[in-house]
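Coordinate analysis (summary)
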Amino acid sequence: MLFRSDETIFGELDAGAHGDEGSQLARDAAFWEVASRICADGTFDAAEQERMAAVFGDDRVTSLKDLLQHGSRSDAIGLIDERLRGKREELETAPIATRDRARSLVRSFEETT
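Below, the structure is looked at part by part.

Cut-off values and rules
- Residues numbered from 1 in each chain as written.
- Predicted model: local features only at pLDDT ≥ 70, side-chain atom pairs only at ≥ 80, totals over all residues.
- Heavy atoms only, no water.
- Helix = DSSP H or I, 4+ residues; strand = E, 2+ residues; numbered from the N terminus.
- Buried < 20%, exposed > 50% of the residue type's maximum accessible area, 1.4 Å probe, protein only.
- Contact = heavy atoms within 4.5 Å.
- Areas by Shrake-Rupley, 256 points an atom, 1.4 Å probe, with all protein chains shown as cover.
- Phe/Tyr/Trp six-rings, centres within 6.5 Å; stacked < 30°, edge-to-face > 60°.
- Lys NZ or Arg CZ within 6 Å of the ring centre and 35° of its normal.
- Expected span 1.5 Å × (residues − 1).
- Arc of directions from axis to C-beta.
- Axes fitted to C-alpha atoms, helices over the stretch in contact; angles between N-to-C directions.
- Parallel < 35°, antiparallel > 145°, perpendicular 65-115°, else oblique.
- Nonpolar A, V, L, I, M, F, W, Y, C, P; charged D, E, K, R; others polar.

**Quick word on the overall build of the protein**
For the protein, the count of helices and strands is five helices and zero strands. When the helices and strands of the protein are placed in sequence order, the string is α-α-α-α-α. Put simply, the protein has 113 residues, and 35% of those count as buried. The contacts in the protein between residues at least 6 apart in sequence include a share of 72% that link residues at least 24 apart. Element-wise, carbon and sulfur atoms account for 49% of the exposed surface of the protein, whose accessible area totals about 6900 Å².

And the structure:
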């Protein structure tokens, strides 16, 4: 018997229930959640960058590095927290599959070594 991955199932559910927007919302919300957690301790070391790239892609890592390097730490954290709050608000009205996908992406980051 062939088993499909959670990734495939979540993708299909998001596409059916909320279109590609649901999948993008899940990725965005998870990204800002992870960014907030990373920046809370004041570091974004090479290991964290590598883990983040594995889950969200190199372009997101580059953007976060630029944000952290080209402004004050407090401004960067403020922007990250603002984006996170916005995505959390959007998730509140999103289908359950989209919320589950966002949690799954955060767990993927946490489990990546």
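**Digging into the packing of aromatic side chains**
Under the defined criterion, the tally for this structure stands at two aromatic pairs. Between the aromatic rings of Phe 31 and Trp 32, the centroid separation amounts to 4.9 Å while the plane-to-plane angle is 75°, which identifies the pairing as edge-to-face. Assessed through its relative accessible area of 3%, Phe 31 is described here as buried. Under the relative-accessibility criterion, Trp 32 is labelled buried at 12%. Every member of this aromatic cluster is reached through a ring pair, and the members are Phe 31, Trp 32 and Phe 56. The lysine or arginine in question, Arg 51, covers the ring of Phe 109, its NZ or CZ lying 4.2 Å from the ring centre. The ring of Phe 31 has Arg 60 lying over it, and the distance from NZ or CZ to the ring centre is 4.6 Å.

**Concerning helix α4 (residues 73-92)**
A rise of 1.5 Å per residue sets the reference length of α4, with its 20 residues, at 28 Å; its end C-alpha atoms lie 29 Å apart and thus fit the reference within 8%. Restricting attention to buried positions, one finds in α4 the residues Ala 76, Ile 80, Leu 84, Lys 87 and Leu 91. End-on view of α4: buried residues confined to an arc of 70°, all on one side of the axis. Facing away from the buried side of α4, by more than 90 degrees, are the exposed residues Ser 74, Asp 75, Glu 89 and Glu 92.

**Digging into the packing of helix α2 (residues 46-56) against helix α3 (residues 58-69)**
Their axes nearest at 7 Å, the elements α2 and α3 cross at an angle of 135°. By the angle between their axes, α2 is oblique relative to α3. When α2 is examined against α3, the residues Gln 49, Met 52, Ala 53 and Phe 56 are found in contact with a partner set consisting of Asp 58, Asp 59, Arg 60, Val 61, Leu 64 and Lys 65. Residues of the contact of α2 with α3, tallied by class, amount to five nonpolar, one polar and four charged.

That is the geometry; function is a separate question.
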